[in-house]
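Survey of secondary and tertiary structure
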Amino acid sequence: MRTRLLPHWLPNAGVRLTAGGRVLTYTGDSGPDDGVVGLARGADLLLAEASFADEVPEDSRRYLSSARQQGRQAAAAGAGRLLLTHLLPGTDPAAALAAAGQGYRGEAGVATYGLVVEL
């Protein structure tokens, strides 16, 4: 396990877990940060907070991310898959996936209740 502090209103650490030759990276709530790219470099799965589909309101830009930003970070990291989580109520999952797809061409999805992912 490797962690890195990421920007948020409260202390937040992104996590990179490696086991059995597989890598999962999880951002927690975080503004966009090069640390996410470092943690997710070559990860099989990047599980990333995407509170908004496209634009993050100005007062939250340092502390929360959009699906579009996470798509770019997943692509920069060379992550095998991207799973968006923490969409705020009212955020359209299809719009979030479309926004992530502007910068990320790999497999992407939106986390849902009860979802199980095999690496």
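A quick note: this is a predicted structure, and the numbers were derived from the prediction, not measured.

**Focus: the overall build of the protein chain**
- Regarding its fold elements, the protein chain presents three helices and six strands.
- Compactness check: the protein chain gives a C-alpha radius of gyration of 13 Å against a globular reference of 14 Å for 119 residues, within 12% of the reference.
- Counting all 119 residues of the protein chain, 44% fall into the buried class.
- Here the protein chain carries 11 positive and 12 negative side-chain charges, and the mean point of each set is 8 Å from the other.

**A few points about the sheet that holds strand S2 (residues 13–19)**
- In spatial order, the strands read S1-S2-S3-S4-S5-S6; together these six strands make up an open sheet with mixed pairing. The sheet is open, and its two borders are formed by strand S1 (2–5) and strand S6 (107–110), each paired with just one other strand. Averaged over neighbouring strand pairs, the angle between their axes works out to 15° when direction is ignored.
- Pairing between S1 and S2: four bridges, direction antiparallel. Note on S2: the bridge partner recorded for arginine 4 is glycine 14.
- Along the sheet face, helix H2 (residues 67–77) touches strand S4 (45–49) and strand S5 (81–85) and points at about 155° away from the line of S5.

**Here's the deal with the pattern of salt bridges**
- Throughout the structure, instances matching the rule amount to five salt bridges.
- In this structure, aspartate 44 and arginine 22 form a salt bridge, with 3.7 Å as the shortest nitrogen-oxygen distance. Of this pair, aspartate 44 sits in the loop between helix H1 (34–40) and S4 while arginine 22 sits in strand S3 (residues 22–26); the two residues are 22 residues apart in sequence, bridging distant segments of the chain.
- For arginine 81, the salt bridge is made with glutamate 107, and the minimal N-O distance between the two is 3.7 Å. On the criterion of sequence distance, the pair formed by arginine 81 in strand S5 and glutamate 107 in strand S6 is long-range, its members being 26 residues apart.
- Linked by salt bridges that have partners in common, Asp54, Glu55 and Arg68 make up one network.

**Some points on H2**
- Counting buried positions over the 11 residues of H2 gives eight, a clear majority of the element.
- Of all the positions in H2, only Ala67, Arg68, Gln69, Gln70, Gly71, Gln73, Ala74 and Ala77 are classed as buried.
- Phi turns positive one or two residues past the end of H2, at glycine 78, with a value near 70°.

Parameters and conventions
- Residues numbered from 1 in each chain as written.
- Predicted model: local features only at pLDDT ≥ 70, side-chain atom pairs only at ≥ 80, totals over all residues.
- Heavy atoms only, no water.
- Helix = DSSP H or I, 4+ residues; strand = E, 2+ residues; numbered from the N terminus.
- Rg over C-alpha atoms; globule rule 2.2 N^0.38 Å.
- Buried < 20%, exposed > 50% of the residue type's maximum accessible area, 1.4 Å probe, protein only.
- Lys, Arg positive; Asp, Glu negative; His and termini not counted.
- Charge placed at Lys NZ, Arg CZ, Asp CG, Glu CD.
- Pairing = 2+ DSSP bridges.
- Axes fitted to C-alpha atoms, helices over the stretch in contact; angles between N-to-C directions.
- Contact = heavy atoms within 4.5 Å.
- Salt bridge = Lys/Arg side-chain N within 4 Å of Asp/Glu carboxyl O.

Purely geometric numbers; function is a separate question.
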